[in-house]
Amino acid sequence: MENIINVKNPALTNIVTKLRDINTDSYLFRKYISEAGRILLLEALKDEKTVEKKVKIWVGEYRFPEIEEERYVFIPIMRAGLPMLDGVFEVLKNAKAGFLAIKRNEETLESVLYYDRVPPLEGKNAVILDPMVATGGSLDYAVKVIKKKNPEKIISLNIIGAPEGLKRIAEKHPEIKVYIAQIDERLNDKGYIIPGIGDAGDRAFNTE
Ligand code: URA
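None of the values given here were measured: they were computed from a predicted structure.

Engineer: Just checking my understanding: could you explain the overall build of the protein chain for this structure?
Structural biologist: Within the protein chain one finds 6 helices and 13 strands. Taking 2.2 N^0.38 as the reference for a compact globule, 208 residues should give roughly 17 Å; the C-alpha atoms of the protein chain span a radius of gyration of 17 Å, in line with that estimate. Once the C-alpha set of the protein chain is aligned to its principal axes, its extents read approximately 65 × 35 × 30 Å.

The structure is reproduced here in structure tokens:
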């Protein structure tokens, strides 16, 4: 699982504990998800290249390094990935966003695509945002949909994963990099991560 990067960052670890806490209300839950997205992106960017850019400064024109922000396209997987968007835009303000809605059939646990509003991705770096990697079904599906749009590369930012789901992604998509805050113990018979945080979408949007 070389492409699965278990990010070690105490600020991120602290946030995951807040997310696990059942007393964290949905407003704070969204804020913590957003902050986790911000930190995960900062960690992922450590592996990215900068380019030299001419900048006019007070003593003339100089060349300085910068990130090609507009090459990044954030793709939150609706709905649980949506709160990560604020956090990542704080880091790359000129990035773009596209949206994918993937639902899982709670009986078969199969993924179903029901909304695709992702812009063309040729020459772009697609950054998938999804807090949970449980069976890996939605992420696998999202990567397949995104690959058809020919991006330069795909990065996935995730908060909690189960070993089963991460193994599936590592085997099926070894060329994408997955940055994840914590790898939990296992899935239960309903496909929820144990210990996990429960249903991230329901907790973020105060539904059941
Ligand atoms: N989706 C969630 O929101 N939580 C899980 O534990 C598994 C999938």
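We are not done yet, so read on.
Engineer: Just checking my understanding: could you explain the site of the ligand for this structure?
Structural biologist: In the vicinity of the ligand, the contacting residues are Ala80, Met132, Ala134, Tyr192, Ile193, Gly196, Asp199, Ala200 and Gly201. For the shell around the ligand, a count of residues per class yields 6 nonpolar, 2 polar and 1 charged.

Engineer: Explanation requested: the packing of helix H1 (residues 10-20) against helix H2 (residues 26-45) in the structure shown.
Structural biologist: In a pair of packed helices, the angle between the axes and the distance between the axes together describe the arrangement. At a minimum axis separation of 10 Å, H1 and H2 run at an interaxial angle of 155°. It follows from the interaxial angle that H1 and H2 lie roughly antiparallel. As for how H1 packs across H2, the hand of that crossing is left-handed. Contacts between H1 and H2 involve Ala11, Leu12, Ile15, Lys18 and Leu19 on the former and, on the latter, Phe29, Tyr32, Glu35, Ala36 and Ile39. Of the residues in the contact of H1 with H2, the class split is 8 nonpolar, no polar and 2 charged.

Engineer: Help me understand helix H5 (residues 163-172) in this model?
Structural biologist: Residues three or four positions apart in an α-helix share a direction because the helix packs 3.6 residues into each turn. For H5, the complete set of buried residues consists of Gly165, Leu166 and Ile169. Taken around the axis of H5, the buried residues stretch over an arc of 95°, which confines them to a single face. Contacts made by the buried residues of H5 are with strand S1 (4-6), strand S9 (132-133), helix H4 (137-147), strand S10 (153-161) and strand S11 (177-183).

Engineer: Even after reading the chapter, I still don't get the environment of valine 178, so can you show me in this structure?
Structural biologist: Its place among the elements puts valine 178 in strand S11. Sequence-wise, valine 178 and leucine 166 are 12 residues apart; in three dimensions their C-alpha atoms are separated by 8.7 Å. The residues contacting valine 178, other than those within four sequence positions of it, are Asn3, Ile4, Ile5, Ser156, Asn158, Leu166 and Ile169.

Engineer: Explanation requested: the pairing of strand S7 (residues 111-117) in the structure shown.
Structural biologist: Side-chain direction in a regular strand flips from residue to residue, so the side chains alternate between the two faces of the sheet. The pairing of strand S6 (residues 99-104) with S7 spans 6 bridges and is antiparallel. Among the inter-strand pairings, phenylalanine 99 is bridged to a residue of S7, identified as arginine 117. Counted along the chain from S6 to the antiparallel partner S7, the turn is 6 residues long, and its residue leucine 109 has a positive phi close to 65°.

Engineer: How do you make sense of the UniProt feature "domain: Phosphoribosyltransferase" (unreviewed entry) in the protein chain when you look at a structure like this?
Structural biologist: Here, the residues flagged by UniProt with the feature "domain: Phosphoribosyltransferase" (unreviewed entry) are residues 8-207. For residues 8-207, the end-to-end C-alpha separation is 31 Å, with 33% helix and 32% strand making up the annotated structure.

Engineer: Which parts of the structure should I look at to understand the environment of arginine 203?
Structural biologist: With respect to the helices, strands and loops of the structure, arginine 203 is situated in helix H6 (residues 200-205). We classify arginine 203 as buried; it has 21 C-beta atoms within 10 Å. For the pair arginine 203 and threonine 24, spaced 179 residues apart in the sequence, the C-alpha separation amounts to 8.9 Å. Those residues in contact with arginine 203 that lie beyond four places of it in its chain are Ser26, Phe29, Ile197 and Gly198.

Engineer: Help me understand the packing of H2 against helix H3 (residues 84-91), please; the structure alone is not making it clear to me.
Structural biologist: As a packed pair, H2 and H3 sit with axes 6 Å apart at the nearest point and diverge in direction by 40°. Regarding the angle of H2 to H3, the classification is oblique. The chirality of how H2 crosses H3 is right-handed. Listed contacts from H3 to Ile33, Ser34, Glu35, Gly37, Arg38, Leu41 and Leu42 of H2 are Met84, Asp86, Gly87, Val88, Glu90 and Val91. The residue makeup of the contact of H2 with H3, split by class, is 6 nonpolar, 3 polar and 4 charged.

Engineer: Hey, could you run me through the nonpolar core in this one?
Structural biologist: Generally speaking, soluble globular proteins have nonpolar side chains that are buried together. Within the largest apolar cluster, 54 residues are counted, with the highest numbers of intra-cluster contacts made by Ala36, Leu40, Ile75, Val127, Ile128, Leu129 and Leu157. In this view, leucine 40 contacts Val7, Leu157, Tyr179 and Ala181; residues no more than four positions away in its chain are not counted.

Quick notes on the rules
- Residues numbered from 1 in each chain as written.
- Predicted model: local features only at pLDDT ≥ 70, side-chain atom pairs only at ≥ 80, totals over all residues.
- Helix = DSSP H or I, 4+ residues; strand = E, 2+ residues; numbered from the N terminus.
- Rg over C-alpha atoms; globule rule 2.2 N^0.38 Å.
- Near = placed C-beta within 6 Å.
- Nonpolar A, V, L, I, M, F, W, Y, C, P; charged D, E, K, R; others polar.
- Axes fitted to C-alpha atoms, helices over the stretch in contact; angles between N-to-C directions.
- Parallel < 35°, antiparallel > 145°, perpendicular 65-115°, else oblique.
- Left-handed = near helix turned anticlockwise from the far one by under 90°.
- Contact = placed C-beta atoms within 7 Å.
- Buried ≥ 20, exposed ≤ 12 C-beta atoms within 10 Å, placed from the backbone.
- Arc of directions from axis to C-beta.
- Pairing = 2+ DSSP bridges.
- UniProt positions renumbered as here; feature names shortened; annotations may be inferred.
- Core = buried A, V, L, I, M, F, W, Y, C linked by C-beta atoms within 7 Å.

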